[in-house]
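# A structural walkthrough
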Amino acid sequence: MSNLLFERSDTLLSFDDYQQADGFKVLQCVLKKPPLEIIDEIKASNLVGRGGAGFPVGIKMSSVQRMESDIKYLVCNADEGEPGTFKDRELLSRNPLKVIESMIISAYAIGASKGYLYVRGEYAYLKAPILEALEVLRGEGYLGKNICDSGFDFDIEYRSGIGAYICGEETALIESIEGRSGDPRNKPPYTAEVGLWGKPTLVNNVETLANILPIMDLGAEVYKTYGTEKSAGTKLFSVSGSVINKGVYEVPFGTTLRQLIDEECGGAEHIKFIQVGGSSGIILPESMIDIELSYEAFSELDAGLGSGAIYVADESVCVLDYLKVTAAFFKHESCGKCTPCREGNRHIERILRNLSQGIGSKEDIDTLQRTSLVMKEASFCGLGQTATSGLVSALKYFEDEILLHLEEKCHTGVCSFPKGGDQ
Amino acid sequence: MFSKGGDIMVGKVLEIVDKLGRKEDKLIEILIELQNQSVYNYLSKDVIKEVANLLDISETKVYGIANFYSMLSTQKRGRHVIQICNSAPCYIKEGQHLVTIFEDILGINIGEVTEDKMFSLEYTSCIGACDQAPAARIDEMIYGELDRAKVFNILASLRREETDE
């Protein structure tokens, strides 16, 4: 029993069906409580952001709530661009009303009167059903003035992303809503103080917001019975690659990678490596498959769970080929604002491309390491800081396989070179 | 509604700008809508000039936005835009061969438009369909688990729809 966020049987529920399934009961209950009580409950739940950064949500909410301002904003970040990630797609397509109810609760808690739902352009097919849901909720009195006779006003506007990975970064997303290119802003000041149009703004990922509903429904204490001591609740994992059943799975934190792959995804054969957290996540060899999926287990590896994307690669995947494609992605998606990320990604992509054609030397590995370190330490935002997590971890476990390409051989034979070398 | 170049008429720009709001923060929504309404899925010089004029912002800024966001285009494209996902999960799962399949059937290279202006072929970053890899996006639809036969059928049915119209 680990379904706090979605039922696998959920389909796009109509307003009536959702209401019959106790939809909006939690909201009605919450609207009778003082906002601070809600924030205390969220704090007690130990909920942390699910988009990748893992910041405690209660603290973020409390920072916005404390601010004096004529207007405050709530932004739901559905610009799910991390390669391998499609969990927010599932949350928004299976049951957008749950996400919207969570948005209204969060807005009430922090005192926001205007919300934005920023959905990536690639999910344009979600726009019509979401707009329809928003319109129905306005008619039913769950959005607009004086929601459920509580005196609380709140409405939500839909905004489209239009093909920029960087806009998943919260300040870049804010720039985009304001109608500009998605260039990240300096932090501090944090968005909780100076966000959208300079006003206090809470930016949360879709999955993070979706957690608010079960926390307020069950209470923080029951919520914390899911997961581990340091990672409360459940997590959605988007699993793709060489598993039998690809898809989104909800499991409590503390589940091992092996359990997720074997018990939920129907298993996988001849695993070579697994990348956890999308293209900006770390690459683990098959020998580490018993690692626990929790923030504490990954922080021991100086890593995080990122967006919860899990890519399983089998023996047929050339690790260098994989790294090369990943580097090309970051080179394309770097916004170009800061030098370490803009130039670093270009160099790394070039070196990996050369190596895959047998051009280079053993010293290139040092250059890759050094460049990665500079990018991690000196990049302006999370994009550059994490772009080489996969590369650095892969160098730790697969250096020999990468260097084999200099002998014009590859273990797999799927890239430029014929199969060869000792495995 | 369209002038002979297949582009949106200036009057249409005014209509969309007024519908979405003459505010700078609506700029991106306006550009998306204008591109959607353009037969060749792009923002022409005239359209950009008119948007800048109506919102009272510089043309450079509008160009900047159109160039920054990869789903907006200032180059004339096909009536249908085919975007092949080249992020790792799709690329590894036959995605690199998918490009060749499209190129073969359409007789163009990636980055080009077919002679009849029906299709343009380009790459895209992850479209969030990794569970259906290899995947491509054609206009607003996602097509997954693609192979030669499927691609052939999809393109044939899109062509049929166009001839029926």
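The rules we used
- Residues numbered from 1 in each chain as written.
- Chains lettered and ligands numbered in written order.
- Predicted model: local features only at pLDDT ≥ 70, side-chain atom pairs only at ≥ 80, totals over all residues.
- Domains from an automatic or database assignment.
- Contact = placed C-beta atoms within 7 Å.
- Nonpolar A, V, L, I, M, F, W, Y, C, P; charged D, E, K, R; others polar.
- Helix = DSSP H or I, 4+ residues; strand = E, 2+ residues; numbered from the N terminus.
- Buried ≥ 20, exposed ≤ 12 C-beta atoms within 10 Å, placed from the backbone.
- pLDDT = per-residue confidence, 0-100.
- Pairing = 2+ DSSP bridges.
- Axes fitted to C-alpha atoms, helices over the stretch in contact; angles between N-to-C directions.
- Arc of directions from axis to C-beta.
- Left-handed = near helix turned anticlockwise from the far one by under 90°.

Once that is clear, we can look at the domain arrangement of chain A. Residue and element names in this part refer to chain A. Segmentation of chain A into domains returns domain 1 (15-223), domain 2 (234-314) and domain 3 (319-407). Each of domain 1 and domain 2 has a C-alpha centre, and these two points are 27 Å apart. In this complex, domain 1 contributes twelve residues to the contact, which on the side of domain 2 involves 15 residues. Of the residues contributing to the side of domain 1 that touches domain 2, the split by class is two nonpolar, five polar and five charged.

Under the domain assignment, chain B is made up of domain 1 (10-68) and domain 2 (80-164). Relative to domain 2 of chain B, the C-alpha centre of domain 1 of chain B lies at a distance of 27 Å.

Let us look at unusual backbone geometry. Residues and elements named next belong to chain A. Note that the residue after Lys187, namely Pro188, is joined by a cis bond; omega there is -10 degrees. For Pro188, the position within the fold is in the loop between helix H8 (170-177) and strand E4 (201-205). Residue Pro188 is joined to Pro189 through a cis peptide bond whose omega torsion reads 0 degrees. Within the secondary structure, Pro189 is located in the loop between H8 and E4. Phi at His270 takes a positive value of approximately 50 degrees, unusual for a residue other than glycine. Positionally, His270 belongs in the loop between helix H11 (257-264) and strand E7 (271-276). Take His270: there are 10 C-beta atoms within 10 Å of it, and that puts it in the exposed class.

The interface of chain B with chain A comprises 30 residues on the first partner and 38 residues on the second. Contributions of two or more residues to the side of chain B that touches chain A are made by helix H2 (27-37), helix H4 (59-68) and helix H5 (88-106) of chain B. Residues that form the side of chain B that touches chain A fall into these classes: 17 nonpolar, six polar and seven charged.

One can find Val317(A) in the loop between strand E9 (309-314) and helix H13 (319-333). Given 23 C-beta atoms within a 10 Å radius, Val317(A) is considered buried. Remark: the alpha-carbon pair of Val317(A) and His411(A), spanning 94 residues in sequence, is separated by 9.0 Å. For Val317(A), the contacting residues outside a window of four places in its chain are Lys272(A), Tyr322(A), Thr412(A) and Ile92(B).

Moving on, we come to the confidence of the model for chain B. All names here are of chain B. With 95% of its residues at a pLDDT of 70 or more, chain B has an overall mean of 92. Below pLDDT 50 for its whole length, residues 1-5 participates in seven contacts with residues either more than four positions away or in separate chains. For this predicted complex, the interface confidence reaches an ipTM of 0.94, while the overall pTM sits at 0.95.

All right, on to the sheet that holds strand E5 (residues 234-241) of chain A then. Residues and elements named next belong to chain A. Reading across from one edge, E6-E5-E9-E7-E8 is the order of the five strands in this open sheet, with mixed pairing throughout. Of all strands in the sheet, those bounded by a partner on one side alone are strand E6 (247-252) and strand E8 (282-285). Within this sheet the neighbouring strands show an average axis-to-axis angle of 30 degrees, counted without direction. In this sheet, E9 lies alongside E5 in parallel orientation, the contact comprising four bridges. In the strand pairing of E9, Ser238 is matched with Ala309.

In this section: helix H3 (residues 45-55) of chain B. An α-helix turns once every 3.6 residues. As a result, residues three or four positions apart point the same way. Residue and element names in this part refer to chain B. Taken together, the buried positions of H3 are occupied by Val47, Ile48, Glu50 and Val51. Along H3, the residues classed as buried sweep out an arc of 165 degrees about the axis, all on the same side. Packed against the buried residues of H3 are helix H1 (10-20), H2 and H4. Looking one or two residues beyond H3, the residue adopting positive phi is Asp56, at roughly 60 degrees.

Moving on: the packing of helix H3 (residues 35-45) of chain A against helix H6 (residues 96-110) of chain A. All names here are of chain A. Packing of H3 against H6 brings their axes to within 7 Å, and their N-to-C directions diverge by 115 degrees. Seen from above, H3 lies across H6 with left-handed handedness. Here Pro35, Ile38 and Ile39 of H3 come into contact with H6, specifically with Ile105, Tyr108 and Ala109. Across the contact of H3 with H6, the residue classes tally to six nonpolar, no polar and no charged.

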